[in-house]
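Summary of the model geometry
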Amino acid sequence: MSSGQHNAGHTHGQTQVQAKTEQWVESAKGTAHQAHDKACDAAGKTEGQTQLSKEENAGFLQQTGEQVVHMAQGAIDGVKNTLGMGEKK
């Protein structure tokens, strides 16, 4: 084999390796982008679920607060009635 043929074969081999490497890099980039997109979608869903939970918790706390106020008012009225300070009807 002559030196020229050897160099041509070596160059061709390097070109194939470089092309394959570029394919792998592009494939890895595509996979990374897909993973990023899926992570963003999941984060968006989680954020939406968190907002829904906050709204549900706010409603629950509002109801609980109102119940506590009514119970406290009932206790105050009971004490007033016991002490004779309640409203006479």
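Residues numbered from 1 in each chain as written. Predicted model: local features only at pLDDT ≥ 70, side-chain atom pairs only at ≥ 80, totals over all residues. Heavy atoms only, no water.

1. Quick word on the overall build of the chain
For the chain, the helix and strand inventory stands at one helix and zero strands. Split into buried and exposed, the 89 residues of the chain put 1% on the buried side. In the form shown here, the chain has an accessible surface area of approximately 8000 Å², with 58% of it arising from carbon and sulfur atoms. (Helix = DSSP H or I, 4+ residues; strand = E, 2+ residues; numbered from the N terminus. Buried < 20%, exposed > 50% of the residue type's maximum accessible area, 1.4 Å probe, protein only. Areas by Shrake-Rupley, 256 points an atom, 1.4 Å probe, with all protein chains shown as cover.)

2. Topic: a nonpolar patch on the surface
On the surface, V79, L83 and M85 cluster together into a nonpolar patch covering about 340 Å² of accessible area. Position of M85 among the secondary structure elements: in the segment after helix 1 (3-83). (Patch = residues over 30% accessible without salt bridge, like charges linked within 9 Å, V, L, I, M, F, W, Y side chains within 5 Å. Salt bridge = Lys/Arg side-chain N within 4 Å of Asp/Glu carboxyl O.)

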